[in-house]
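Examination of the molecular architecture
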Amino acid sequence: MKEILHQLRCIGCGARIAGAEAQPDFRCAVCGELFDVEYPGWSERGGKDRPNAGALKWVWRERRSSREQLDCSGVWRFRELLPILDDFSNAVSLREGNTPLYHMTRAALALRIDLLFAKHQGMNPTGSFKDTGMTAAMSVAKERGFAWVACASTGNTSASMAAYAARAGLRSLVLIPEGKIAWGKLSQAMDYGAVTCQLKADFDGCLRLLSQIVKEAPIYLLNSVNPYRLEGQKTPAFEIAEAFDWSVPDHLIVPGGNLGNSSALGKGFREMYELGLVAKMPRISVIQAAGANPLVRSFREHQAASLEPMEAHTRATAIRIGNPASWRKAARAIQETGGWCLDVTEAEIAIAKAEIGAEGLGCEPASAVTLAGLKKLRAEGKVASAETVVLMLTGHTLKDADYTINFHRGKLLAIDEAEGREAEIAGLRRDAVAVEATPAAVLDALKGSSR
Ligand code: F0G
């Protein structure tokens, strides 16, 4: 490994170790905290390894018209800012990243915000943002000669890991909470050939168990406690800045589960700022489901100095996490950028998801917390209409078709959950109707449509 180029720094005690010295569960041997990947050569201005901002912008733009495999990846296109491999030919890529940034015209109008965008990470090869992190950490697994990789997952990590493992020629082990992941995601893990174990445990229990297993067998852990995952997941920050011609948006809104993604995006913007690629960082706000809101509670009750694990419940199963591993990193991103951490109800999530669908974009439930959160921030006067806001849509709408169908059939929410929002929900529902196979009957169905 190019240990000179990168090292790991503990976010708790500050201990620095070489990448290959990390324990199998990626916890610090001294204090038990997580590590960040750090690039020592970047620190001094004028330092020999410090990347030149202008040159980077030029070379990244040039690569957009290249046909080289690495350049076609929206992660490895930015490889100067993630020099984590000895040899880039070890990169395992499925052409991840380069995801679209959509203007959300309807929601912008409804919320009276001039510039509202969705960065649709669901448009990645396996349908979620996990692919940007998986390409990075899977490449490290391959370069270090592992035969097996593993993750605990609420579904998307396992889908992504299974696909990248298959591409790398590695075997993969998935631990998932039984009955609590969406079928689309489970089907992907099967399709890509993972060994999938459904456990009578929640996500937090699955991750705890796996952290023990990797200490007993040579299996490479690919959850976001693995700091190389975050190196890949920081690249959408580069794409966003590039899309705005290096003037960053005012506010980035991210769903929060295990809190790796918000941490990674914070790192991406921080590094760009420190290297002089951008002149400021956007506010980063994290939104959780009300039934799975340990970070919200941590901010509310302990000013994010400590976090109490909780039993999590939400239909947005991707973020059904009560003991988020990366909470300290995410709290730092929120605090240093002046962002907020808030939660939204099941009805708010369902309504926001239907609205994102009605824009022609669609997303999975966990992603919809971003729009639901923005509505709250707007109502509380925390987002001005002149601000440029980007919502991170983390997963594709087809990931959880059951949720969508149940919503449109009026079977998703309990009566008390929908209380006070019935009219809004009715206006968004588009259930399929059974119609006779005649032109008259079909045309008749149009008359009943409200839009
Ligand atoms: N959105 C989606 C669609 C997710 O799958 C996840 C996490 C999140 C948001 C939250 O991101 O954990 O980085 O804060 N899914 C993980 C998984 C936990 O196993 O697929 P986070």
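Computed from a prediction, not measured in an experiment: that's the story for all the values here. (Residues numbered from 1 in each chain as written. Predicted model: local features only at pLDDT ≥ 70, side-chain atom pairs only at ≥ 80, totals over all residues. Heavy atoms only, no water.)

Turning our attention to the overall build of the chain. Assigned secondary structure in the chain consists of 17 helices and 13 strands. Compactness check: the chain gives a C-alpha radius of gyration of 22 Å against a globular reference of 22 Å for 451 residues, within 12% of the reference. Across its three principal directions, the C-alpha atoms of the chain cover 70 × 50 × 50 Å. Across the 451 residues in the chain, those meeting the buried criterion constitute 57%. Relative to all contacts within the chain whose residues are 6 or more apart in sequence, the contacts with residues 24 or more apart total 69%. Of the accessible surface of the chain, which amounts to about 18500 Å², a share of 51% is contributed by carbon and sulfur atoms. Once the 54 positive and 52 negative side-chain charges of the chain are each reduced to a mean point, those two points are 2 Å apart. (Helix = DSSP H or I, 4+ residues; strand = E, 2+ residues; numbered from the N terminus. Rg over C-alpha atoms; globule rule 2.2 N^0.38 Å. Buried < 20%, exposed > 50% of the residue type's maximum accessible area, 1.4 Å probe, protein only. Contact = heavy atoms within 4.5 Å. Areas by Shrake-Rupley, 256 points an atom, 1.4 Å probe, with all protein chains shown as cover. Lys, Arg positive; Asp, Glu negative; His and termini not counted. Charge placed at Lys NZ, Arg CZ, Asp CG, Glu CD.)

Take the site of the ligand next. Taken together, 20 residues lie near the ligand, and Ser153, Thr154, Asn258, Leu259 and Thr394 sit nearest. Look at the ligand: alone it shows 470 Å² of surface, and the protein chains cover 99% of it. For the shell around the ligand, the elements supplying multiple residues, two or more each, are helix 4 (156-168) and helix 9 (260-274). Residue classes in the shell around the ligand are distributed as seven nonpolar, eleven polar and two charged. (Near = heavy atom within 4 Å. Nonpolar A, V, L, I, M, F, W, Y, C, P; charged D, E, K, R; others polar.)

All right, on to the environment of Asp131 then. Position of Asp131 among the secondary structure elements: in helix 3 (residues 130-143). The class of Asp131 is buried, set by a relative accessible area of 0%. Measuring from C-alpha to C-alpha, the distance between Asp131 and Ala163 comes to 9.1 Å, with 32 residues separating the pair along the chain. Residues contacting Asp131, with those up to four places away along its chain left out, are Glu96, Asn124, Pro125, Thr126, Ser160 and Tyr164.

Turning our attention to the sheet that holds strand 13 (residues 388-393). In a beta sheet, neighbouring strands pair by backbone hydrogen bonds and run either parallel or antiparallel. Read from one edge to the other, the open sheet built from six strands follows the order 4-5-13-10-11-12, with strand pairing classed as mixed. Looking at the sheet topology across the chains shown, the edges are occupied by strand 4 (101-103) and strand 12 (341-344). The mean angle between the axes of side-by-side strands here comes to 25°, regardless of whether they run parallel or antiparallel. On top of the sheet, helix 9 reaches strand 10 (251-255), strand 11 (283-289) and strand 13; it is set at about 155° to strand 10, its chief contact. Lying over the sheet, helix 13 (residues 365-379) contacts strand 5 (115-120), strand 10, strand 11, strand 12 and strand 13, oriented at roughly 135° with respect to strand 10. (Pairing = 2+ DSSP bridges. Axes fitted to C-alpha atoms, helices over the stretch in contact; angles between N-to-C directions.)

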